[in-house]
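# Architecture at a glance
Now for the letters of each chain:
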Amino acid sequence: MKPGIANGLLTALLLMPLASVSAGDSAKDNYDTYCVQCHGLTGDGLGVNVPDMSVQPRDHTDGQDMSSRSEKDLFDAIKGGGQAIGKSTLMPPWGDNLNDGEIHDLVAYLRELCQCQHGKAK
């Protein structure tokens with residue numbers, strides 16, 4: 001693992017308890033807190049961590065790609081990390097930081113970003 005990745009992951013792990021968001025916060029707020037570092041401010045997969053990553057984060061604005069992802073897969077990836085769905089271990093699990101309702105709201109927000117639904121892109 002590159003030193004930049006190791007340092008970034010260590011920093012993220014140390015800051016996780018400080019970054020907790022209350023249940024009343026919106027899905028966009030949660031996305032901005034937990035996702036933009038890798039997936040970018042607009043969800044395009046071009047976050048600030050990308051140069052130090054060996055795997056490109058998913059582009060949440062890609063309607064064709066995102067429409068091939070089920071709500072269950074998106075939920076499981078957010079809750080259990082990439083490893084939970086056989087994807088990159090660089091995607092951390094957020095299930096200890098977000099409750100199931102917040103994760104479902106994030107899945108709905110991802111559908112807004114891609115302007116798609118499972119099985120169909122607009």
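Further up the page is the structure itself.
Residues numbered from 1 in each chain as written. Predicted model: local features only at pLDDT ≥ 70, side-chain atom pairs only at ≥ 80, totals over all residues. Heavy atoms only, no water.

Turning next to the overall build of the protein chain. When helices and strands are counted, the protein chain shows six helices and two strands. Listed by position from the N terminus, the elements making up the protein chain come as α-α-α-α-α-α-β-β. Here the protein chain, with 122 residues, has 37% of them falling under the buried criterion. Excluding contacts between residues fewer than 6 apart, the proportion of contacts in the protein chain whose partners are at least 24 apart in sequence is 50%. If you sum the accessible surface of the protein chain, you get close to 7100 Å²; carbon and sulfur atoms cover 55% of it. (Helix = DSSP H or I, 4+ residues; strand = E, 2+ residues; numbered from the N terminus. Buried < 20%, exposed > 50% of the residue type's maximum accessible area, 1.4 Å probe, protein only. Contact = heavy atoms within 4.5 Å. Areas by Shrake-Rupley, 256 points an atom, 1.4 Å probe, with all protein chains shown as cover.)

As a further point, take helix H2 (residues 27-34). Residues separated by three or four positions in an α-helix point in the same direction, a consequence of the helix having 3.6 residues per turn. Turning to H2, its buried residues are Ala27, Asn30, Tyr31 and Tyr34. Looking straight down H2, one finds its buried side chains confined to an arc of 100 degrees; they lie on one side. (Arc of directions from axis to C-beta.)

For the rest of this paragraph, the subject is the nonpolar core. Membership of the largest hydrophobic core comes to 19 residues, with the highest contact counts inside it found for Tyr31, Met66, Ile78, Leu98 and Leu110. Elements with a contribution of two residues or more to this core: H2, helix H5 (71-80) and helix H6 (100-114). By residue number, the principal contributor to this core is H6, which donates seven residues. Setting aside residues up to four positions removed in sequence, isoleucine 78 forms contacts with Met91, Pro92, Pro93, Trp94, Gly95, Leu98, Ile103, Leu106, Val107 and Leu110. (Core = buried A, V, L, I, M, F, W, Y, C linked by side-chain atoms within 4.5 Å.)

The residue glutamine 115 is not glycine, and still its phi comes out positive at about 50 degrees. By secondary structure assignment, the location of glutamine 115 is in the loop between H6 and strand S1 (116-117). Look at glutamine 115 and you get exposed, because its relative accessible area is 54%.

Mapped onto the fold, serine 88 is located in the loop between H5 and H6. Exposure remark for serine 88: the relative accessible area of 22% places this residue in the partly exposed category. Considering only alpha carbons, one finds serine 88 and serine 54, 34 residues apart in sequence, at a separation of 9.5 Å. Residues within four places of serine 88 in sequence aside, it is in contact with Val55, Gly82 and Gln83. A polar side-chain atom of serine 88 sits 2.9 Å from the main-chain amide nitrogen of leucine 90. (Polar contact = N/O pair within 3.5 Å; in protein donor to acceptor, adjacent residues only side chain to side chain.)

The next subject is the state of the cysteines. Throughout the structure, instances matching the rule amount to one disulfide. Across a sulfur-sulfur distance of 2.0 Å, cysteine 114 and cysteine 116 are joined as a disulfide pair. Classification of the bridge connecting cysteine 114 and cysteine 116 rests on its S-S torsion, roughly -85 degrees, and on that basis the disulfide is left-handed. Look at cysteine 114 and you get buried, because its relative accessible area is 5%. The thiol of cysteine 35 is unpaired, and the distance to the nearest cysteine sulfur, on cysteine 38, comes to 8.8 Å. (Disulfide = S-S within 2.5 Å.)

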